[in-house]
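Report on the structure
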Amino acid sequence: MNLTARSLRGLSTVLLLLAAPAAAAGQAEFQLQLGKLVNPFADTRHGTTVVTFQHAAQWSWGDHFMFFDYTADGGNDGFNEKDLYGEWYPSLSLGKISGGRAGFGPIRDFALLGGVNYGSQAKVLKYTPGFRASWGIPGFIFLNTDFARIVDASSGVDNGGAPATDDGWMFDVNWLATWEMMGQTFTFTGHAEYIGAVTNEFGDEVRAWILAQPQLTVDVGRILGGEGGRLMSGIEYQYWHNKLGTDVSESVVQFLVVWRL
């Protein structure tokens, strides 16, 4: 491991430890998605169920966001069969730490990011230290742009996992907006990321990719006359150019149900 990678991992670890108090009050939810997703390594498509647990919270020095996906499809090809994948992103807000406004113009704050990505089936482990700009855009509850290094700590093929890769980088835009229309509450949320190209342990190129996952939902609980803000339903559109670094791309609409705790 080179010095740069060790330094980045050290920074990520420090950020994660500092963000440990993030167990403050926040929002937790379960999501159910049904669609037909592509296995990019076999270029086949199977009916797929994804159950997601998601949690976001604010604390005195920043915030955190985490999710876990449990994915199961109808294929028997070693891809997306009872797979568990998760990501965690704690942040340190420069504005909260300084007690004043850290941004300028439309940027309301800057933050340092830590991050961990883990996939059980492929035995993938990556750290993502970086920084965030939070934008004050009318109509959005939040709109963030994140830039991060991707430090690969995966076990690799010798340990039964996917091929390990060089370290890379990512750029991500994530957002949340809600509005009222015709007496109903709608939510538009999601993210879009660009992951730069890297080389795997065999010397093969893992292509750069673009992944966008916008979600549009309506408050079903309110429509049914119950408590609002608990049960939502709608769609998630997934566009994945060069899925997982292959030359296969995906464009699929998934049925979505969201239950907030």
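Cut-offs and rules
- Each chain carries its own residue numbering, running from 1 in the direction its sequence is written.
- Reporting of local features is limited, given that this is a predicted model, to residues whose pLDDT is at least 70; pairs of side-chain atoms are given and counted only at 80 or more, and all residues count toward the totals for whole chains, interfaces and linings.
- Only hydrogens and water are set aside when side-chain values are computed; all heavy atoms of the structure are taken into account.
- Here a strand is any run of E in DSSP of at least two residues, a helix any run of H or I of at least four, and the numbering for each starts at the N terminus.
- In this description, contact between two residues means that some pair of their heavy atoms is separated by no more than 4.5 Å.
- Every case where a carboxyl oxygen of Asp or Glu lies within 4 Å of a side-chain nitrogen of Lys or Arg is listed as a salt bridge.
- We call a residue buried when its accessible area falls under 20% of the maximum for its residue type, exposed when it is over 50%, and partly exposed in between, using a 1.4 Å probe and counting protein chains only.
- In protein, a polar contact means a hydrogen-donor-capable atom and an acceptor-capable atom, both N or O and within 3.5 Å, with residues adjacent in sequence counting only if both atoms are side-chain atoms; elsewhere, any N or O pair within 3.5 Å suffices.
- What we call a nonpolar core is a set of buried Ala, Val, Leu, Ile, Met, Phe, Trp, Tyr and Cys residues that are connected through their side-chain atoms within 4.5 Å.

1. Quick look at the environment of Gln184
Relative to the helices and strands, Gln184 resides in strand 11 (residues 184-195). The sequence separation of Gln184 and Val218 amounts to 34 residues, and the corresponding C-alpha distance is 7.1 Å. Not counting residues within four places of it along the chain, the set of residues in contact with Gln184 comprises Trp179, Val218, Asp219, Arg222 and Ile223.

2. Looking at the pattern of salt bridges
Following the criterion strictly, the structure yields 6 salt bridges and no others. Between Asp146 and Arg132 there is a salt bridge; the shortest N-O distance is 2.7 Å. You can see Asp146 sitting in strand 9 (residues 142-152) and its partner Arg132 sitting in strand 8 (residues 130-135), a full 14 residues away along the chain. Just as Asp146 is buried, Arg132 falls in that class too. Measuring nitrogen to oxygen at the nearest pair gives 2.7 Å for the salt bridge that ties Glu180 to Arg222. Residue Glu180 is found in strand 10 (residues 168-181), and its partner Arg222 is found in helix 3 (residues 220-223); the two are separated by 42 residues along the sequence. For Arg222, a relative accessible area of 36% corresponds to the partly exposed category. Put simply, Asp63, Arg132 and Asp146 are held in one network by salt bridges that share partners.

3. Things to note about the side chain of Arg132
The class for Arg132 is buried, based on a relative accessible area of 10%. Among the polar contacts made by the side chain of Arg132, one reaches the side chain of Asp146 at a distance of 2.7 Å. Arg132 has contacts with Asp63, Ser91, Asp109, Phe110, Ala111, Leu113, Asn144, Thr145, Asp146 and Asn174, leaving out every residue within four places of it along the chain.

4. Quick word on the nonpolar core
One recurring pattern in soluble globular proteins: nonpolar side chains tend to sit buried together. Ranked by size, the top nonpolar core spans 7 residues in total: Ala148, Ile150, Met170, Ile195, Trp209, Leu211 and Trp240. Sorting the residues of this core by element identifies strand 9 and strand 14 (209-212) as the ones contributing at least two each. Setting aside its immediate chain neighbours within four residues, Ile150 contacts Lys126, Tyr127, Thr128, Asp167, Gly168, Trp169, Met170 and Ile195.

Function cannot be read off these values alone, since they describe shape.
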